[in-house]
Amino acid sequence: MPIADPEEAIPVIEEPDYEALPDTASWGVHAFAGALAGISEHAFMYPIDSIKTRMQVLQTAPTSASSVAYSSLNSAIERVSSTHGLRSLWRGVSSVVIGAGPAHAVYFGVYEAMKELSGGNREGHQVLPTALAGASATIAADALMNPFDVIKQRMQVEDSKFKTVRSCARTLMKTEGLSAFYVSYPTTLMMTVPFTAVQFSTYESTKKILNPENNYSPISHGVSGAAAGAVAALITTPLDVAKTVLQTRGNAPVEDLRLRNASGILDACSIVYERNGTKGFFRGWAPRMLTHMPSNALCWLSYEFFKAVIFRESNQTTN
């Protein structure tokens, strides 16, 4: 009777390959990785985002010193450096740190779940399924993040009277009511749904070209993320301008009733066009792209890294 080969008799349990990014990771893995990625992304690029906000805030007089100072990226940086200092650009960062964790957890969790349901994980370039997954993710995440984004922008504007997230939230609730936190939500969705659809589609397609084996590859993840952020940011800048107008309307002078009473995207777009013309819809495009290129690269790098690490650790614990 032949003796069985001992190597064949003992089942081999393979260690999960750290380099291989799994499509079967749990929703919790994607959500937790997304939360860590979101916090990293927002905190890293916050000063540039603050400059973008100041460039987009409408002035009662378009020819005022403040409006002229924030008419370009170079003049904006010079203005900040010579007045309040670069440190002021960090004011309000705690708002996005608090909100980014849970919002990005929902964002990436919903994205991965919807991508699986819609067939986005199949072979080839699945543009429509990944776009649908991205749009679904942003609808859910923005519902959580919008109030924090309003607080952030109220604190980012020049000479903001708010020093803490708590004081800003309490003042807004007392003086403008709950609607102040969601007046820009429809506009935000009109911006972020196409932004996210373009971003995810561009990211997944670029990643499949640069990294067809879907291995953990910082270079391909970073380049794909930067390209996706640049394209999506440029396309959606006009809607971002309208969103900023709505979220900072309470900072307008009391006598500027037209701006203070803006109630939706049509009002916001009308005011922007009246005061700055067509070019007003692209105010802040440069810092917006500068924000989203590295922040998207960092976000995807962080997400793919944390996803791989968390999945590896959970598999080692199970085995």
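Residues numbered from 1 in each chain as written. Predicted model: local features only at pLDDT ≥ 70, side-chain atom pairs only at ≥ 80, totals over all residues. Heavy atoms only, no water.

- Per an unreviewed UniProt entry, the protein chain goes by the name Mitochondrial carrier and belongs to Wallemia mellicola.
- Quoted straight from UniProt, the Sequence similarities (unreviewed entry) entry for the protein chain says "Belongs to the mitochondrial carrier (TC 2.A.29) family." (UniProt positions renumbered as here; feature names shortened; annotations may be inferred.)

## Description of helix 14 (residues 265-276)
Point 1. Under the 1.5 Å per step criterion, the end-to-end length of helix 14 is 16 Å for 12 residues, consistent within 8% with the ideal 16 Å.
Point 2. Every buried residue of helix 14 is accounted for by Ile265, Ala268, Ile271, Val272, Arg275 and Asn276. Viewed end-on, helix 14 has its buried residues packed into an arc of 130 degrees, placing them on one side of the element. Exposed and oriented more than 90 degrees from the buried face of helix 14 are Leu266, Tyr273 and Glu274.
Point 3. Residues of helix 14 that are buried sit in contact with helix 10 (185-210), helix 12 (237-247) and helix 13 (257-260).
Point 4. Just past helix 14, the residue Gly277 takes up positive phi, approximately 70 degrees. (Helix = DSSP H or I, 4+ residues; strand = E, 2+ residues; numbered from the N terminus. Expected span 1.5 Å × (residues − 1). Buried < 20%, exposed > 50% of the residue type's maximum accessible area, 1.4 Å probe, protein only. Arc of directions from axis to C-beta. Contact = heavy atoms within 4.5 Å.)

## Structural notes on the pattern of salt bridges
Point 1. Tallied over the full model, the rule gives 15 salt bridges.
Point 2. Where Arg258 meets Glu274, a salt bridge forms, and the shortest distance between an N and an O atom there is 3.0 Å. Placement of the pair is Arg258 in helix 13 and Glu274 in helix 14, with a sequence separation of 16 residues.
Point 3. Residue Arg258 is classed as partly exposed on the basis of its relative accessible area, which comes to 35%.
Point 4. It is possible to trace a salt-bridge network through shared partners that takes in Asp49, Lys52, Asp149, Lys152, Asp240, Lys243 and Arg288. (Salt bridge = Lys/Arg side-chain N within 4 Å of Asp/Glu carboxyl O.)

## Remarks on the packing of helix 3 (residues 46-56) against helix 7 (residues 127-156)
Point 1. Running from N to C, helix 3 and helix 7 point in directions that differ by 75 degrees, and their axes come no closer than 9 Å. One element, helix 3, and the other, helix 7, form an angle in the roughly perpendicular class. Contacts from Tyr46, Asp49, Ser50, Lys52, Thr53 and Arg54 of helix 3 reach helix 7 at Lys152, Gln153 and Gln156.
Point 2. Residues belonging to the contact of helix 3 with helix 7 are distributed by class as follows: 1 nonpolar, 4 polar and 4 charged. (Axes fitted to C-alpha atoms, helices over the stretch in contact; angles between N-to-C directions. Parallel < 35°, antiparallel > 145°, perpendicular 65-115°, else oblique. Nonpolar A, V, L, I, M, F, W, Y, C, P; charged D, E, K, R; others polar.)

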